[in-house]
Amino acid sequence: MKYEYWFGTLPGISPARKFAIRSAVSSAAVLYKTKEFHTLGICLKEKEILAIRDGQKRCDKEILNQNLEELHRKQIYFLRRGTKEYPKRLSSISAPPYLLYVKGKLPEEEMPAAAVVGARSCTAYGRQSAENFAVSLSRHGVLLVSGMALGIDGAAQRGALKAGGKTIAVLGCGVDLCYPREHIGLYQDILDTGGAIISEYPPGTPPLPQNFPARNRIISGLSDVVLVMEARQKSGSLITADMALEQGKDVYAFRDRLAVA
């Protein structure tokens, strides 16, 4: 386990290459302990060899044990791509995360899932509509996936909890950090009701702006359909919609007040 974590957190090697390299050896321990890389029978790039060697020097067994103890203390576990525990929906997208960090409990794979995403600066009508849609979806046994952002995301996830449903929050920072801080209550409620907080970023990773476009592929990847509400022309929500379409998902848009017959 500790060697899997070590290899998964190595900088300088892409998730796709980590998956290819790890699939070619019997265990991550082999990569940690090897000195003669030509004996592995893998075609490694020079920068990948340097990354592994640097990782071997920086992380001795004591440090690795401390890292795993810290994860355990924070009640965080990780799933590696290629294992049966890794979400099947994510395995099929382009550029799946190599490691997925989880705090809480992921639902059964068979549970239908919908993402509801939208503007942070939404209208009161949009916020209420997001909550109403989430309530309805949850009452029909649908998992609600979103990014726990201010506005539409948070309202939808609150709606799911209100209906007694399950929700997953995908963060653009480590799962041990609540972002935005205003949603600390929602963060804890998701965990207390059997949902999950997930991220591809290691614990302690701050919410850097560049993290959020990439995390949106996970939101759409975990979902069967995506509902976009009150999104601006240039927004993370539309990035999620584009990624969903690339993944072959159905995308629905909610833009204005619903007409009443």
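Notes on the structure in this doc start here. (Residues numbered from 1 in each chain as written. Predicted model: local features only at pLDDT ≥ 70, side-chain atom pairs only at ≥ 80, totals over all residues. Heavy atoms only, no water.)

### Some remarks on helix α11 (residues 236–246)
Operational definition: Partly exposed describes any residue whose relative accessible area lies between the buried limit of under 20% and the exposed limit of over 50%, with all areas from a 1.4 Å probe on protein chains only and scaled to the type maximum. For the purposes of this entry, the term helix denotes a DSSP run of H or I that reaches at least four residues, the term strand denotes a run of E that reaches at least two, and both are numbered from the N terminus. Throughout, the arc means the angular range of directions from the helix axis out to the C-beta atoms. Whether two residues are in contact is decided by their heavy atoms, any of which lying within 4.5 Å being enough.
Taken as a whole, α11 has its buried residues at Ser237, Thr240, Ala241, Met243 and Ala244. End-on, the buried residues of α11 take up no more than an arc of 165°, which puts them together on one face. Facing away from the buried side of α11 by more than 90 degrees, the exposed set consists of Leu245 and Glu246. Buried residues belonging to α11 abut β3 (113–118), α10 (211–221), β7 (225–229) and β8 (250–254). With its phi angle positive at about 80°, Gly248 sits one or two positions after the end of α11.

### Some points on the packing of aromatic side chains
Selection rule: Note on aromatic pairs: the rings of Phe, Tyr and Trp (six-membered ring only in Trp) are paired at centre separations within 6.5 Å, and the planes decide the class, stacked below 30 degrees, edge-to-face beyond 60, tilted for the rest.
Evaluated as defined, the whole model comprises nine aromatic pairs. Centre to centre, the rings of Trp6 and Phe7 are 6.3 Å apart; their planes meet at 45°, and the pair counts as tilted. You'll find Trp6 and Phe7 in the same group, each marked buried. With a centroid separation of 5.9 Å and 80° between ring planes, the pair formed by Phe133 and Phe254 is classed as edge-to-face. Of this pair, Phe133 sits in helix α7 (residues 124–139) while Phe254 sits in strand β8, and the two are 121 residues apart along the sequence. For Phe254, a relative accessible area of 6% translates into the label buried.

### Re the environment of Glu70
Note on placement: Glu70 falls in helix α5 (residues 61–73). According to the relative accessible area criterion, Glu70 is partly exposed, its value standing at 32%. Expressed as a C-alpha distance, the spacing of Glu70 and Pro203, which sit 133 residues apart in the sequence, is 9.5 Å.

### Regarding unusual backbone geometry
Put simply, Tyr179 and Pro180 share a cis peptide bond, and its omega is 0°. The backbone phi angle of Gln75 is positive, close to 60°, even though this residue is not glycine. Tracing the sequence through the fold places Gln75 in the loop between α5 and β1 (77–80). Despite not being glycine, Ala95 has its phi angle at roughly 55°, a positive value.

### What to know about the sheet that holds strand β5 (residues 167–170)
To keep it simple, the criterion reads: Pairing between strands is defined by DSSP: at least two bridges between them are needed. Note on geometry: axes are lines fitted to C-alpha atoms, helical ones only across the stretch in contact, with angles between N-to-C directions running from 0 to 180 degrees.
The mixed open sheet is built from eight strands, whose spatial order is β1-β2-β6-β5-β4-β3-β7-β8. Sheet topology places β1 and β8 at the edges, where each strand pairs with a single neighbour. If you compare each strand with its neighbour and ignore which way they point, the axes differ by 25° on average. Relative to β5, strand β4 (residues 143–146) runs parallel, the two being bridged by three bridges. Residue pairing across strands places Ser146 opposite Ala169, the latter belonging to β5.

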